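Structure at a glance
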Amino acid sequence: MDFASGDFDIAPLLVAHLAGTPLNAAQLQQLLDWEWADPQRAAAWGITPEHGVAQLQERLAWLQAVQPHHRSLPLPPAPMEQYLNLYWRLWLPLAITLKQARDQLNAPLIQGVLGGQGTGKTTLTLILRQLLGVMGYRAVGLSIDDLYKTYRDRQQLIQADPRLRWRGPPGTHDIDLGLATVAHIRSAQAGEAVALPRFDKSLHGGEGDRTDPEWVQDVDILLFEGWFLGARPTDPAQFDQAPEPISTEADRQFARDMNAQLATYLPLWECLDRLMVLCPADYRISKQWRKDAEHQMKAQGKAGMSDATIDEFVEYFWRALHPELFIAPLKQDGEHVNLVVEIDRDRTPRAIYSPALAMAEV
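Structure report, in brief. Note that the coordinates shown come from a computational prediction; the quantities given were computed from them, not determined experimentally.

**A word on the sheet that holds strand E3 (residues 109-115)**
- An order of E4-E7-E3-E8-E9-E10 is seen for the six strands of this open sheet, with the pairing classed as mixed. Sheet topology places strand E4 (139-143) and strand E10 (349-353) at the edges, where each strand pairs with a single neighbour. Sheet twist, expressed as the mean angle between neighbouring strand axes with direction ignored, is 20 degrees.
- Across five bridges, E4 lies against strand E7 (residues 221-226) in parallel orientation. The residue of E7 that forms the bridge with Leu142 is Phe224.
- Running at roughly 170 degrees to E7, helix H6 (residues 121-134) makes contact with E3, E4, E7 and strand E8 (274-280) of the sheet.

Structural data, given as structure tokens:
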């Protein structure tokens, strides 16, 4: 992975630090210069001229502290050095930001993570749970998928509206269950058990159903993730000239109906203390990511969808909530979004910024 920024590479500094060689003042300044070479990212992580060196020293300390735990992260096996780019640019500063937000709130922090298929939102939440655990914080995960309506309720839903043949779009979730879960996380006393809903997608021949909850206690941070988590309704007139694959009048009506249904999720979104958005540089990359994953499963002898089925599956969700209409606007939504991470085709961050800070500068 390329660590170059400007005309120098900080990877050797981080490797030396991990090996136990303290960085001198000049090397710390190099690190700070590297951060300032990307002002938007530096601002997103709260790196200030007054405290920049101290902030990077804290990140260096945590980098060393998590080193013994690297092998337990949900990553393809490789030495920690091969992941330094992600540790330094995203994982550690994000974990530190959540730690600080939790301390300031002095109550359980509800962090939303929006990410479409293939953006790595589930893996990121698992990594953050590990890193925050090293920092002494109890972080737990909840997916919007865990809030699906029961199998029986969804069968009734399909009978009422056959367009909802696949679970996932607005209207297929139990919003009240989500509201009750977040409220219980917030109000729980020390040592009190809280039930996190769980959904098993393998039940009923792949139709899925709710299963036994996971019981947790003393939660510091709830990482709440989903493919449209935090997305907000748009002007219905947008669908009059909607992007592909919303092409027929039936498609446009489906998109309008999903847009209206999305409004019922707003009370749940209002429970979020923070929201970050993971998005590809081009939303169409997600279709190829899904195909790559299915091809890998088939190579391992597992069942996987055909490319044609993947196209149909992904485009179904684009018809429901098109990324250009519902995700792209969040990249400039400084009122509701704290952090945006734009992802390249190789799934590495190409840009990290805070729309809230960008809005404040205007």
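**As for the packing of aromatic side chains**
- Under the defined criterion, the tally for this structure stands at 15 aromatic pairs.
- Plain terms: the ring middles of Trp227 and Phe317 are 5.2 Å apart, the flat faces sit at 85 degrees to each other, and that makes the pair edge-to-face. You can see Trp227 sitting in the loop between E7 and helix H9 (249-262) and its partner Phe317 sitting in helix H12 (residues 307-320), a full 90 residues away along the chain. This pair shows no difference in class: Trp227 is buried, exactly as Phe317 is.
- Here the aromatic residues Trp166, Trp227, Phe228, Phe254, Tyr265, Trp269, Phe313, Tyr316 and Phe317 are joined through ring pairs into a cluster of three or more.

**Let's talk about helix H1 (residues 11-18)**
- For H1, the full list of buried residues reads Ala11, Leu13, Leu14, His17 and Leu18. Considered in projection along H1, the buried side chains sweep an arc of 160 degrees and stay on one side of the axis.
- With its phi angle positive at about 100 degrees, Gly20 sits one or two positions after the end of H1.

**Description of helix H4 (residues 52-66)**
- Between the first and last C-alpha of H4 there are 21 Å, a value that for 15 residues agrees with the 21 Å anticipated at 1.5 Å per step.
- Restricting attention to buried positions, one finds in H4 the residues Gly52, Leu56, Arg59, Leu60, Trp62, Leu63 and Val66. Each buried residue of H4 lies within a common arc of 165 degrees when the element is viewed along its axis, so the set occupies one face.
- Its buried side turned inward, H4 meets H1, helix H2 (25-36), helix H5 (84-105) and H6.

Parameters and conventions
Residues numbered from 1 in each chain as written. Predicted model: local features only at pLDDT ≥ 70, side-chain atom pairs only at ≥ 80, totals over all residues. Heavy atoms only, no water. Pairing = 2+ DSSP bridges. Helix = DSSP H or I, 4+ residues; strand = E, 2+ residues; numbered from the N terminus. Axes fitted to C-alpha atoms, helices over the stretch in contact; angles between N-to-C directions. Contact = heavy atoms within 4.5 Å. Phe/Tyr/Trp six-rings, centres within 6.5 Å; stacked < 30°, edge-to-face > 60°. Buried < 20%, exposed > 50% of the residue type's maximum accessible area, 1.4 Å probe, protein only. Arc of directions from axis to C-beta. Expected span 1.5 Å × (residues − 1).

None of the figures reported here should be taken as evidence of function without further support.
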